[in-house]
Amino acid sequence: MDNESSDHSLHRGALGAADSIVMAVAGSAPAYSLTATTASLVAAVGLAGPGALLWCGIPMLGIALAFSYLGKADVNAGAAYSWVRRAIHPSLGFFAGWALVVSATIFMVAACLPAGQATISLFTSSTPSTGEVTGIGAVWFLVMVGLVVAGVKLTTKAQWIMSSVEILILLVVLVIALFHTSAGRHGTPFTWSWFSPSQFHSVSGFAAGALVAAFYYWGWDVTSNLNEESKQSRLNALGGIIGVVIVFLLFEVYTIITNVTLPASTVNGDTNVLSDLGVAVGGSGLGKVMVIAVMLSTIATLETTLIQVSRSLFAMGRDNSMPKVFGSIHKTRRTPAFATLVVAVVSLALFVGSNLIQGSVGTIMNDAILAIGVQIAVYYSLAALSVVIAYRAEVFKSAQNVICIGLLPLIGALFMLFTLEQNLVGTNLDTETKVIALVALGIGLIPLGFYWAKKVPYYVKGATLASETELATLVEPDDLLVVEPTA
């Protein structure tokens, strides 16, 4: 792989460590995730949402650790796509990358809805039609496409502005909500039992909540897709871990506040949860402020998702496991412009088409969230397994290794595989959602089979992660490990 070729080199050194943290938080999109996903979480587990987020958050930290170590060992815009290939098998590596591509594409179809809905609700209290939401959402999407094509530095500056305002609003409203005198008057008084596994009533119920919770967290790993463009790739990899911790705290506190403040009947099916929460604790003015946070968060996560999918396709094109044109970059902007534009066209077509066919914002959001959860579980589990398999001989050489490259990543991988099995085999997902999730993944068999038959180097030439003797260096925070592919 010629990562240094002028035709295949991204904008090196464009991002710092602080930028990666901002990108991780923006990728998980706290305000968007809370307003778009809380209704699905309540539908899945009722008041046990805080517990679902906690029990999914621990494995997610293990996955973030795996991404951190693998990102140090193999600095590659394809992230899991490259790591799984090197640690396990090229075909599984391709599917890890493909799972991200399809999940990100479906997500952009869904994420445009809250962007349009939030924008319209700033100016009117009447319920907008699906057509109006579709039109405004499409405009925001195209603006983000332009920013991503324009260059990673401009993209990062935009993220700093949007994410800073979003987090500031969430923190201010959080403080107001904590001192809200009518807490529990309309909702449910707080109880620690919300965190108890017994609240899920069954293994199937727990798995249903875990699938939705995984969607909450998803997106922090955009930092790994940006590591070729970072000044300090090792510190950049830590951004994902810090981002997971930050959004975990926000998700937990806001889910508890929602339980306490709003009746479950209001939340169930509600696509404006944060706005309703703002109104409940501070009146209509605060409700509008929360709408601004949701709008900024949604726009920000559209941008980070475009980054993820375009960098993944860029890495695939560079390796020729997808058409080589995807591996080309804009000569002056140093961005994968072709990959970005192709994704934009496909996503926009799916977005408009799905809205015209289904017509219900709530239905589209719920189906998309659950389908994406399946695909997230695929590539997160494979990436977490990669670090355990690649460094299995080193796991028991220190307590740090046992925890950081053994226990926690393995828990993360097994948790995601458990969630995947329970939801696909069980009855948590309806047939339509299963078909969307699996058919989207299955389409990947076409390019995999075609380029495997062509015997492109990605599938033929061997490549491994760092040698076992280099693992001690990998653990140190101030060294960059150089990967030496083997013949």
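Check the entry above for the structure.
Remember, it's a predicted structure, so these values are computed and weren't measured experimentally. (Residues numbered from 1 in each chain as written. Predicted model: local features only at pLDDT ≥ 70, side-chain atom pairs only at ≥ 80, totals over all residues. Heavy atoms only, no water.)

Turning our attention to the overall build of the protein. Scanning the protein from N- to C-terminus turns up 20 helices and zero strands. Split into buried and exposed, the 487 residues of the protein put 61% on the buried side. Taking the contacts inside the protein whose residues are at least 6 apart along the sequence as the reference set, 83% of them involve residues at least 24 apart. Counting only carbon and sulfur atoms, one obtains 68% of the accessible surface of the protein, whose full area is about 17700 Å². (Helix = DSSP H or I, 4+ residues; strand = E, 2+ residues; numbered from the N terminus. Buried < 20%, exposed > 50% of the residue type's maximum accessible area, 1.4 Å probe, protein only. Contact = heavy atoms within 4.5 Å. Areas by Shrake-Rupley, 256 points an atom, 1.4 Å probe, with all protein chains shown as cover.)

This part takes up the packing of aromatic side chains. Two numbers describe a pair of aromatic rings. These are the distance of the centres and the angle of the planes. In total, this model carries 25 aromatic pairs according to the counting rule given. Ring plane angle 50° and centroid distance 6.0 Å describe the contact between Phe107 and Phe215, whose orientation is recorded as tilted. A residue pair is termed long-range when its members are at least 10 positions apart, and Phe107 in helix α5 (residues 90–121) and Phe215 in helix α8 (residues 203–217) qualify at 108 residues. Given a relative accessible area of 2%, Phe107 falls into the buried group. Taken together, the aromatic side chains of Phe67, Trp83, Trp220, Tyr379 and Tyr380 make up a single cluster linked through ring pairs. (Phe/Tyr/Trp six-rings, centres within 6.5 Å; stacked < 30°, edge-to-face > 60°.)

Moving on, we get to the environment of Ser224. As for its placement among the helices and strands, Ser224 is situated in helix α9 (residues 222–225). Ser224 gets classed as buried once you look at its relative accessible area, which sits at 6%. Put simply, Ser224 and Asn76 are 148 residues apart on the chain and 7.8 Å apart in space, counted from C-alpha to C-alpha. The residues touching Ser224, leaving out its near neighbours within four places in the chain, are Phe67, Asn76, Ala79 and Trp83.

With that out of the way, let us pick up a nonpolar patch on the surface. On the surface, Trp160, Ile161, Val165 and Ile292 cluster together into a nonpolar patch covering about 340 Å² of accessible area. With three residues, the top contributor of residues to the nonpolar patch is helix α7 (residues 152–178). Take Val165: it is sitting in helix α7. (Patch = residues over 30% accessible without salt bridge, like charges linked within 9 Å, V, L, I, M, F, W, Y side chains within 5 Å. Salt bridge = Lys/Arg side-chain N within 4 Å of Asp/Glu carboxyl O.)

Next up on the list: the environment of Gly46. Secondary-structure assignment places Gly46 in the loop between α2 (30–45) and α3 (49–73). Residues Gly46 and Gly209, 163 residues apart in the sequence, show an inter-C-alpha distance of 9.2 Å.

So, about the side chain of Gln375. Its location among the elements puts Gln375 in helix α15 (residues 361–390). Setting aside chain neighbours within four positions, we find Gln375 in contact with Ala99, Val102, Ser103, Ile106, Ile436, Ala437, Ala440 and Leu441.

Tallied over the full model, the rule gives four salt bridges. Between Asp74 and Arg86 there is a salt bridge, and its shortest N-O distance comes to 3.1 Å. Residue Asp74 is located in the loop between α3 and α4 (80–87), and its partner Arg86 is located in helix α4; the two are separated by 12 residues in the primary sequence. In terms of burial, Asp74 and Arg86 fall into one category: buried. A salt bridge links Lys397 to Glu394, with the shortest nitrogen-to-oxygen separation between them at 3.0 Å. On the basis of relative accessible area, Glu394 is assigned to the buried category, the value being 9%.

The next subject is the side chain of Thr258. The residue Thr258 is located in helix α10 (residues 233–261) in this model. Non-local contacts of Thr258, meaning those with residues more than four positions away in its chain, are made with Thr38, Val267, Val273 and Leu277.

Time to look at helix α16 (residues 399–425). Counted at 1.5 Å a residue, the expected span for α16 with its 27 residues is 39 Å, and the 37 Å between its end C-alpha atoms agrees. At Pro409, α16 shows its maximal kink, close to 25°. (Expected span 1.5 Å × (residues − 1). Bend = angle between axes of the 7 residues up to and from the residue.)

With that settled, consider the packing of helix α6 (residues 130–150) against α7. Relative orientation of the contacting elements α6 and α7 amounts to 130°, with a least axis distance of 6 Å. Overall, the two elements α6 and α7 adopt an arrangement that is oblique. Each of Leu147, Val148 and Ala150 in α6 lies in contact with α7, whose residues at this interface are Leu154, Thr155 and Ala158. Residues of the contact of α6 with α7, tallied by class, amount to five nonpolar, one polar and no charged. (Axes fitted to C-alpha atoms, helices over the stretch in contact; angles between N-to-C directions. Parallel < 35°, antiparallel > 145°, perpendicular 65-115°, else oblique. Nonpolar A, V, L, I, M, F, W, Y, C, P; charged D, E, K, R; others polar.)

Turning our attention to the packing of α2 against helix α13 (residues 284–319). Packed helix pairs are characterised by how far apart their axes lie and by the angle those axes make with each other. Packing of α2 against α13 leaves a shortest axis separation of 7 Å and a crossing angle of 105°. As judged from the angle between their axes, α2 and α13 are roughly perpendicular. Contacts between α2 and α13 involve Pro30, Ala31, Tyr32 and Thr35 on the former and, on the latter, Ala293, Val294, Ser297, Thr298 and Thr301. Considered class by class, the residues forming the contact of α2 with α13 number five nonpolar, four polar and no charged.

Looking at where Val273 falls in the secondary structure, it is placed in helix α12 (residues 273–282). Val273 sits 234 residues away from Ala39 along the chain, and the two C-alpha atoms are 7.8 Å apart. Among all residues touching Val273, those that are not within four sequence positions of it are Leu34, Thr35, Thr38, Thr258, Leu262 and Val267.

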